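# Overview (structure and organization)
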Amino acid sequence: MQDPRNVRATSNLLWTAVGLVLLAINLRPAIGSVSPLLRQIQDDLGLSGAAVSLLTTLPVLCLGAFALLAPAFARRMGVNNAVVLALFLLIVGLAVRFVPTVPALFAGTVLAGAGLAIGNVLIPAVIKNAFPDRIRLFTGISTAVLSGGAALSSGVTVPLRDALGAEWPTALFVWAALAVVALVVWIPLALGQGRPQAASAPPSQFGALLRDPVAWQATIYLGLRALAFFTALGWLPTLLADRGVAEEGGLLSLCMLVSIPAAVLAPVLSGRVRPAVVITTIVVLGAVANVGLIVAPEAALVWSVVLGLALGGGFSMAMAFIGLRSPNPGVAAQLSGMVQTVGYCVGAVCGPLLFGLIGSATGSWTPALVLLVVLAPIELVVGLLVSRDRKVLDRGEATAEATGAGR
């Protein structure tokens, strides 16, 4: 007869795995659903070009700006309770955006962005806490599901609006239903975890992380991967159109779809072969794709597939390193906050902005693509450094109490 405690533990892990998938799939629709409706939103609300640019940039800024809040919530409330808070903020933000006014649109975007940022940061902590021996696998799955959520929302929002015979506020708000399902799953997990006593909350290790070379290696690596990912997301269609390539929007979709299996496979493969081999392959694929877009844009279909492999695999590895280089869930949450704050604020915002400015100033996309190729050796060096089997705070700075942050 099975031990009831083992049955409960297995059931809890399965429930957590379902919750992890539902959390991940909710972390992009609030962003991805806006793009296909952008022209209608602009016309209905009379938004200026600057306001539209702010609306599209604001969610990424929120991902970085609010990322540092997540570790504090995790320490004080526990990881599972903090996930519930993230989903609650997301639902409230989507509800506020249902009101068809400019203030509500931007306020709701900020609230939803705060929820997305906290959820983003907590995924590595959830994985480290529940699946410490399967970090690569569950990081790959969650990253792939996250990308799938982006593809789903961008592709389904307009058909869903048309099927419902609704306007854009309803098309944006309908994604709250998916977040409610996730919230229903996470509430029992939060109740089972309980809330840590304030006095027993582990001390913050953020100051020590700022002095830790491994933490900065993980941070710079994710920043470079975010730069590559969001630059492609923002500029690949325009780049291809300017080079006379037809169906450029379809090629971006193909690139994103290819990134999904790559996100699952890269961390898993890094556990079977040397991680340095996976890192090197990702860097080479990205460089080859960018060089190909320079010298042979007519083969854009091939380069889009190659680029998708690099984007999916690289971003998934960057997320996996957060858990692999953390000694416990508490430090994983804090490292995730550091890594994602810099990664999204610097890589995801400055990368696309710089790429666009170079293209505009030179009248050609070649110099901007050359810059991405030049960054490849830097990414390789940083990636090889962070791929070594070392933990952050491995000089005794990670206190034993920090273990309780993920419980």
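Model, not experiment: these values are computed from the prediction.

Here we take up the packing of helix 15 (residues 300-324) against helix 16 (residues 329-362). The contact between helix 15 and helix 16 brings their axes to 9 Å, and the two run at 145°. Mapping the contact onto sequence places Phe315, Met319 and Ile322 in helix 15 and Ala332, Leu335, Ser336, Val339, Gln340 and Tyr344 in helix 16. Tallied by class, residues from the contact of helix 15 with helix 16 come to seven nonpolar, two polar and no charged.

What follows is about the pattern of salt bridges. In this structure the tally under the stated criterion is two salt bridges. Between aspartate 162 and arginine 161 there is a salt bridge, with the nearest N and O atoms lying 3.0 Å from each other. Judged by relative accessible area, which is 49%, aspartate 162 ranks as partly exposed. In this structure, the salt-bridge partner of arginine 225 is glutamate 379, at a minimum N-O distance of 2.8 Å. On the criterion of sequence distance, the pair formed by arginine 225 in helix 12 (residues 213-242) and glutamate 379 in helix 17 (residues 366-386) is long-range, its members being 154 residues apart. Accessibility expressed as a relative area gives 8% for glutamate 379, which makes it buried.

Attention now goes to the state of the cysteines. The final tally for this structure, using the stated rule, is zero disulfides. You can see cysteine 350 has no disulfide; the closest cysteine sulfur is in cysteine 345, sitting 8.4 Å from it. For cysteine 350, a relative accessible area of 41% gives the class partly exposed.

Turning our attention to the packing of aromatic side chains. Tallied over the full model, the rule gives eight aromatic pairs. Aromatic side chains phenylalanine 230 and tyrosine 344 sit 6.0 Å apart centroid to centroid with 70° between the ring planes, which places their arrangement in the edge-to-face category. Within this pair, whereas phenylalanine 230 is found in helix 12, its partner tyrosine 344 is found in helix 16, the two being separated by 114 residues in sequence. Like phenylalanine 230, the residue tyrosine 344 is buried in the burial classification.

This next bit is on the environment of phenylalanine 138. Here phenylalanine 138 shows up in helix 8 (residues 135-164). Note on phenylalanine 138: relative accessible area 15%, which makes it buried. C-alpha separation for the pair phenylalanine 138 and phenylalanine 98, spaced 40 residues apart in sequence, amounts to 34 Å. In this structure phenylalanine 138 touches Ala17, Leu20, Ile127 and Phe131, once residues within four positions along its chain are discounted.

Okay, the confidence of the model for the protein next. Summary statistics for the protein give a mean pLDDT of 86 and a share of 91% for residues scoring 70 or more. Note that residues 396-407 has pLDDT below 50 and, in this model, 31 contacts with residues that lie over four places away or in other chains.

Our next topic: the environment of glutamate 379. In the structure, glutamate 379 is positioned 96 residues away from valine 283 in sequence and 7.1 Å away in space, judged by C-alpha atoms. Filtering out sequence-adjacent residues up to four positions away, glutamate 379 remains in contact with Tyr221, Leu224, Arg225, Ile282 and Val283. Looking at glutamate 379, its side chain comes within polar contact range of the side chain of arginine 225, at 2.8 Å.

We now examine the side chain of serine 387. Relative to the elements of secondary structure, serine 387 occurs in the segment after helix 17. Here serine 387 falls in the buried class, since its relative accessible area comes to 9%. In contact with serine 387, other than residues within four places in its own chain, are Pro275, Ala276, Ile279, Phe321 and Arg325.

Cut-off values and rules
- Note that residues are indexed from 1 along each chain, following the sequence as it is written.
- Given that this is a predicted model, residues contribute local features only at a pLDDT of at least 70 and side-chain atom pairs are listed and counted only at 80 or more, while totals for whole chains, interfaces and linings are drawn from all residues.
- Only hydrogens and water are set aside when side-chain values are computed; all heavy atoms of the structure are taken into account.
- Note on geometry: axes are lines fitted to C-alpha atoms, helical ones only across the stretch in contact, with angles between N-to-C directions running from 0 to 180 degrees.
- Helix and strand labels come from DSSP, where a helix needs a run of H or I of at least four residues and a strand needs a run of E of at least two; each type is numbered from the N terminus.
- Whether two residues are in contact is decided by their heavy atoms: any pair within 4.5 Å suffices.
- Note that Gly is not counted as nonpolar here; it falls among the polar residues with everything else outside the nonpolar set of Ala, Val, Leu, Ile, Met, Phe, Trp, Tyr, Cys and Pro and the charged set of Asp, Glu, Lys and Arg.
- Whenever Lys or Arg places a side-chain nitrogen within 4 Å of a carboxyl oxygen from Asp or Glu, that contact is recorded as a salt bridge.
- Exposure classes here rest on a 1.4 Å probe applied to the protein chains alone. A residue is buried below 20% of its type maximum, exposed above 50%, and partly exposed in between.
- The definition used for a disulfide is geometric: two cysteine sulfur atoms within 2.5 Å.
- Here a pair means two rings of Phe, Tyr or Trp (six-membered ring of Trp) with centres within 6.5 Å. Their orientation is stacked below 30 degrees between planes, edge-to-face above 60, and tilted elsewhere.
- Per residue, pLDDT measures the predictor's confidence, with a range of 0 to 100.
- We define a polar contact as two N or O atoms separated by no more than 3.5 Å, with the added condition that, inside protein, one atom must be a possible hydrogen donor and the other a possible acceptor, whereas residues neighbouring each other in sequence contribute only through side-chain atom pairs.

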